[in-house]
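So you can see what is in the structure, the chains are spelled out below.
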Amino acid sequence: MTDRILLAQTLDTLLAPEKFRDYGPNGLQVEGRMQVRKMASGVTASLAFIEAAIARGADTLLVHHGLFWRGQDGCVTGWMKRRLALLLQHDINLFAYHLPLDAHPQWGNNAQLGQRLGLVATQRFGEQDLGFLGQRNDDQLFADAGALGAHVESALGRRVTIVDNRDQPIRRIAWCTGGAQGYFESAIAAGAGAFITGEISEPQAHYARECGVSYIACGHHASERYGAQAVAGHVAAQLALEHEFIDIDNPA
Ligand SMILES: [Zn+2]
């Protein structure tokens, strides 16, 4: 058991949100009770996640996608009212960390996805250094993009989208979790043979074909399932909290 203030300080010290320009507030987004016993981690503070966390007795939530984003109209209506009402009614703390949770070199989404895929990063690339670039941890090559795609499918348990026009072995692999299609050009510039992220938009298919760098989109949610649970597990062990990861499946 700990208190909300110490938990907030521990998370902020670990994730250093002040170093990032982000799309929403990082840290405590909704204040709940002071005494913290059980933390539930998840990808998104959706209604289903909040309900599941309450059902499992959590008093504190840690997510990658919180409730508040730049560009929202600021009204507490509809889905926002329902999510907020549930949190406030149950006196639940909601912590959310977006880019700081992608970026953390050990517990973040990119680091944890790399570990899951058996990749080791040797450099970072792209805006705010969020992209990871490296190779297989056994130093072998993937025979081609199809082999890399099949590997990602089996590691994540999900079908992926591959755009591939090079039929040659792949050593240097870049990755950036979530909706990082905008990082593809900096991955190409950094010398990647393939780029893995959650989503793909129309232009990237052409860049992949024209630049000979394979593109693998493995799902925004699927690529970001590992960071929040790693951070929460680490911090829970440090502060003697209970912790449970709750995965609410998402096809996107
Ligand atoms: Zn995301």
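Check the entry above for the structure.
S.K.: Could you give an account of the overall build of the chain, with specific residues and numbers?
M.R.: A tally of helices and strands in the chain yields 10 helices and 13 strands. Scaling as 2.2 N^0.38, a compact globule of 252 residues should have a C-alpha radius of gyration of about 18 Å, and the chain matches this with 19 Å. Once the C-alpha set of the chain is aligned to its principal axes, its extents read approximately 55 × 35 × 30 Å. Within the chain, the proportion of its 252 residues that are buried is 52%. A separation threshold of at least 6 residues defines the contact pool for the chain, and within that pool the share at least 24 residues apart is 67%. In the chain, 21 positive and 27 negative side-chain charges are present, and the distance between their average locations comes to 3 Å.

S.K.: Could you give an account of the sheet that holds strand β6 (residues 93-96), naming the residues involved and the relevant values?
M.R.: In space, the 5 strands of this open sheet follow the order β2-β6-β5-β4-β13, with mixed pairing throughout. Pairing within the sheet leaves two strands with one partner each, and these edge strands are β2 (27-30) and β13 (242-245). On average, adjacent strands in this sheet sit at an angle of 30° to one another, irrespective of strand direction. Two elements, strand β5 (residues 60-65) and β6, share 4 bridges in a ladder whose sense is parallel. Following the sheet pairing, L61 is matched in β6 by L94.

S.K.: Give me the lowdown on the pattern of salt bridges, citing residues and values where you can.
M.R.: Applying the stated criterion across every chain, the model contains 7 salt bridges. The partner of R4 in a salt bridge is E31, and the shortest N-O contact between them spans 3.7 Å. Here R4 is found in helix α1 (residues 4-15), whereas its partner E31 is found in the loop between β2 and β3 (35-36), with 27 residues between them in sequence. Judged by relative accessible area, which is 10%, R4 ranks as buried. Where R159 meets E153, a salt bridge forms, and the shortest distance between an N and an O atom there is 3.2 Å. Take R159: its relative accessible area is 67%, and that puts it in the exposed class. Judged by its relative accessible area of 23%, E153 is partly exposed. Salt bridges linked by common partners bring K38, R56 and E244 together as one network.

S.K.: Help me get a handle on the pairing of strand β11 (residues 194-197), residues and values and all.
M.R.: In β11, alternate side chains face the same way, and those of A194 and I196 on one face and F195 and T197 on the other are all buried. Taken together, the 4 bridges between β11 and strand β12 (residues 214-217) define a ladder with parallel strand orientation. Residue I196 lies in a different strand from β12, and its bridge partner there is I216. In this view, the connection linking β11 to its parallel neighbour β12 by way of helix α8 (residues 202-211) has right-handed handedness.

S.K.: Lay out the packing of α1 against helix α10 (residues 227-239) in plain terms, naming residues and giving numbers.
M.R.: α10 packs onto α1 with a crossing angle of 130° between their chain directions and a minimal axis gap of 11 Å. By the angle between their directions, the pair α1 and α10 is classed as oblique. The handedness of the crossing between α1 and α10 comes out as right-handed. Of α10, the residues touching α1 (which contributes L6, L7, T10, L11, L14 and L15) are V231, H234, V235, Q238 and L239.

S.K.: Could you give me a rundown of the pairing of β12, with the residues and numbers involved?
M.R.: Residues S214 and I216 of β12 are buried on one face, and the alternating residues Y215 and A217, pointing to the opposite face, are buried as well. Pairing analysis gives 3 bridges linking strand β9 (residues 161-163) to β12, with the strands arranged antiparallel. Across the sheet, T161 pairs through a bridge with A217, a residue of β12.

The rules behind the values
- Residues numbered from 1 in each chain as written.
- Predicted model: local features only at pLDDT ≥ 70, side-chain atom pairs only at ≥ 80, totals over all residues.
- Heavy atoms only, no water.
- Helix = DSSP H or I, 4+ residues; strand = E, 2+ residues; numbered from the N terminus.
- Rg over C-alpha atoms; globule rule 2.2 N^0.38 Å.
- Buried < 20%, exposed > 50% of the residue type's maximum accessible area, 1.4 Å probe, protein only.
- Contact = heavy atoms within 4.5 Å.
- Lys, Arg positive; Asp, Glu negative; His and termini not counted.
- Charge placed at Lys NZ, Arg CZ, Asp CG, Glu CD.
- Pairing = 2+ DSSP bridges.
- Axes fitted to C-alpha atoms, helices over the stretch in contact; angles between N-to-C directions.
- Salt bridge = Lys/Arg side-chain N within 4 Å of Asp/Glu carboxyl O.
- Right-handed = clockwise from strand over helix to strand, strands pointing away.
- Parallel < 35°, antiparallel > 145°, perpendicular 65-115°, else oblique.
- Left-handed = near helix turned anticlockwise from the far one by under 90°.

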